[in-house]
Amino acid sequence: MMTVSENMEARDENSQIPDSKSVITMNSTWQSTKSDLLPIEEFTGEGQELDSVSFYTWPDEDNDETLETIDKEKQKDEVQDDRPSWANKFEYLLAQVGFSMGLSTVWRFPYLCFHNGGGSFLIMYIFLLFLVGVPLLLLEMAVGQRIRQGSTGVWKIISPWIGGVGYTSFMVCFIVGLYYSVLMAWSLFYLGQSFQSPLPWTLCPLLRNSSQFDPECARTTPTTYFWYRKVLKATDEIEIGGLPVVHLSVSLFVAWLIVCISMIKGLRSIGKVPALYSMEVWRRTGNQLFLSMGSGFGGFTAISSYIPRSNNCIMDAFAVAFLNLMTSVTTTVFVFAIMGHLATVNTEKCYQKNAERVMNLVATGVLPPEVQFPESLYHHMSSIYSTWFSNLPEQVRSTVVPHMYNCNMDDQLKQVMEGPGVAIVAFTDIISVFSGFTFWAIIIFMFLVTMGLSTMIGILQGIITPLQDTFSSLRKHTKLLTVAVCALMFLGSLIFVRPSGSYYLNLMDDYWAPLPLFLILILENMTMAWVYGARRFLADLIIILGRPISPIYRWLWCFVSPFVLLVLFVSTLIHLYMKNITYWAWDSNISNEVIRNYPSWAKVLLLVIIIITILPIPAYFFYTLFNVANPFSKTLSRSTVVFKLETKGDSPKTSPRLHVRQSLKKINKMDK
């Protein structure tokens, strides 16, 4: 493999080099084919100090002449290794898009858009997408493509001090994979139920030994009842436990089986306005952006590590971001249209209930006869009801109102849009009104299963690739490793298919995931922009693409992205500390969703999981610090990459500035 800094910019002629020799070591399988070998005797001499982790940062000055004279032919001299690669660019792009456009795009985006300002949320999402999302997406793609390793290896190479970021990304992938697979299991269960006529969610069930409908279903819609009572078997509170739901456990097993088989097949199988001023809305928008895009998971880095270095990652980043945005907007428009239709239908049903109730009260003498509805009410319910109500005398109206239901359209719309599962209920509702509804149910839920599968494979790639890069012996047992990881994650996922499992899922997705993701992205961004150097990184991209790149990316990486990420990170911390964490729960007594507070033990559980997830970052930092302070830990292994700064008279060449020593025998062994 080639070093990420092999073609970096030349040092400024006035830069001062220390008198003592600066030797830099980093443990990796990183090798260079264009650097001169540094004899081992040069850095093992008596009295010479070895700094195994310190990183020399070159002056980041504007040196346009150097960038203009970079030899474009260097990109053709890539080292051939045994790392698998994509069959073609189309498969690679499909894998990246599939990983980005997951079920969270369908599952959460419409719900968040409705409850957080609608058009304002969409404007903020697009703003953050192109100001922060695309630059960070490009960063992860380019790093994986250039260094050709997963998340754990990449950040050790760039700066050993933040080597723990890769392990945190690994843990985020693992935990997200546990509950994300449940979304796929839900879709699989609905797919299995679609092979029936009539569809089971179109009618309320009858009570045993009775011709009456279940009153819990009669108080709501059949689709909502089916979702909470038949699919989730949801409890009224998170405190109420229970064993995993059998049919969801079977669906979950099938989901993991499909993911495992797809992974074993190899890489080719992957490619098939007031709200504008609300910090809370900006926080939720940022959460959705990075959870939906997949930045920080390590998936983009892992997938990009299998593509040639000459690939145009800038166009890929924009393509993935644009398709993700289009999918989110299209799904939202579709769901809003369905929910608007349902709200209209529910409003008319509410009018009808009020009409029947008023007629009964008039018949019993509770209300005066002048409030009687006109006979044409049932022919033009919406217009006649509003006209009738507005024409009532004020005194009569005040007498009638206490006996009537609230049929306001906005309230009805809010009721049908409550809860993150609104998208799934929306799909089942619209399917019910299609002709040939069984066929459309199969098609729609097959589509949702496919979306979930593509994202799950990307998440698994963010787990398998770092494991194989860290432990090279696992490359010989890819199938066994994949089966073992999938089996372990299936067992861990069972907690989310219990009757109260959906409440745990919301706890993780709403309150746990954003914090480690923001921290990962902040460290990745700051390290690339200020430790490695944004200008040097742009120089690497120029080598990859063979053409100039807009300097705006340097400005975005150095200033805009870190600032936005820090604001989102701090606002998330403040939200967790200052406000109660809540969830939508099903209340069987009123057949509706209600907001409940998570118990104190759930907050403790959340804190423990957050600490465990981010623990590798400080742990690896202190591990690196120990290696620097402990002279006995500075013994070099055969796989150590050693860098030495050139003095001014060492060589007439201006690039590269680093020398590498690594055993070719060790390299060949690692690449097998």
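Above this text is the structure in question.
Residues numbered from 1 in each chain as written. Predicted model: local features only at pLDDT ≥ 70, side-chain atom pairs only at ≥ 80, totals over all residues. Heavy atoms only, no water.

K.L.:
What should I look at first to understand the overall build of the protein in this one?
P.N.:
Counting secondary structure elements, the protein contains 25 helices and four strands. Split into buried and exposed, the 672 residues of the protein put 57% on the buried side. Here the protein displays about 29300 Å² of accessible surface, and carbon together with sulfur accounts for 63% of that area. (Helix = DSSP H or I, 4+ residues; strand = E, 2+ residues; numbered from the N terminus. Buried < 20%, exposed > 50% of the residue type's maximum accessible area, 1.4 Å probe, protein only. Areas by Shrake-Rupley, 256 points an atom, 1.4 Å probe, with all protein chains shown as cover.)

K.L.:
Would you mind showing me how to read the pattern of salt bridges here?
P.N.:
Two side chains of opposite charge can pair, provided their charged atoms sit close to one another. Summed over the entire model, instances satisfying the criterion amount to four salt bridges. One salt bridge in this structure joins R229 and E216, with 2.9 Å as the shortest N-O distance. Taken as a pair, R229 in helix α9 (residues 222-231) and E216 in helix α8 (residues 215-218) lie far apart in primary sequence, 13 residues in all. (Salt bridge = Lys/Arg side-chain N within 4 Å of Asp/Glu carboxyl O.)

K.L.:
Would you mind showing me how to read the pairing of strand β3 (residues 592-597) here?
P.N.:
Moving residue by residue along a regular strand, the side chains alternate between the two faces of the sheet. As judged from the six bridges shared by strand β2 (residues 582-587) and β3, these two strands associate in the antiparallel manner. Note that in β3 the partner of A585 across the bridge is V594. Adjacent in sequence and paired antiparallel, β2 and β3 are bridged by four residues, among which S591 carries a positive phi angle near 55 degrees. (Pairing = 2+ DSSP bridges.)

K.L.:
Explanation requested: the packing of aromatic side chains in the structure shown.
P.N.:
Within this structure, the stated rule accounts for 32 aromatic pairs. Ring geometry for Y190 versus F445: centroids 5.0 Å apart, planes at 10 degrees, classification stacked. Across the pair, F445 and Y190 agree in class, each one buried. Members of the aromatic cluster, joined through ring pairs, are W186, F189, Y190, W201, F226, W227, Y228, F445 and W586. (Phe/Tyr/Trp six-rings, centres within 6.5 Å; stacked < 30°, edge-to-face > 60°.)

K.L.:
Looking at this structure, I do not really get helix α22 (residues 552-578). What am I missing?
P.N.:
Helical periodicity: at 3.6 residues per turn, an α-helix aligns residues three or four positions apart in one direction. Compared with the 39 Å implied by 1.5 Å per residue over 27 residues, the 37 Å span of α22 between its first and last C-alpha is a close match. Along its length, α22 reaches its greatest deviation from straightness, about 35 degrees, at V560, and the proline P562 lies no more than four positions downstream. (Expected span 1.5 Å × (residues − 1). Bend = angle between axes of the 7 residues up to and from the residue.)

K.L.:
I would appreciate a short explanation of the side chain of D429 in the present structure.
P.N.:
With respect to the element layout, D429 can be found in helix α17 (residues 422-432). We classify D429 as buried; its relative accessible area is 14%. Separated by 2.9 Å, the side chains of D429 and T223 make a polar contact. With sequence-adjacent residues up to four places away left out, D429 is seen in contact with T223, I338 and L342. (Polar contact = N/O pair within 3.5 Å; in protein donor to acceptor, adjacent residues only side chain to side chain. Contact = heavy atoms within 4.5 Å.)

K.L.:
Can you walk me through the packing of helix α7 (residues 164-193) against helix α24 (residues 616-629) in this structure?
P.N.:
Between two packed helices, both the angle of their axes relative to each other and the distance between the axes serve to describe the pair. Two elements in contact, α7 and α24, have axes whose closest approach is 7 Å; the angle formed by their N-to-C orientations is 155 degrees. In terms of orientation, α7 and α24 fall into the roughly antiparallel class. Taken as a pair, α7 and α24 cross one another with a handedness that is right-handed. Counting all contacts with α7, which are made through G164, V165, Y167, T168 and M171, the residues of α24 involved are P616, I617 and Y620. (Axes fitted to C-alpha atoms, helices over the stretch in contact; angles between N-to-C directions. Parallel < 35°, antiparallel > 145°, perpendicular 65-115°, else oblique. Left-handed = near helix turned anticlockwise from the far one by under 90°.)

These values are about where atoms sit, not about what they do.
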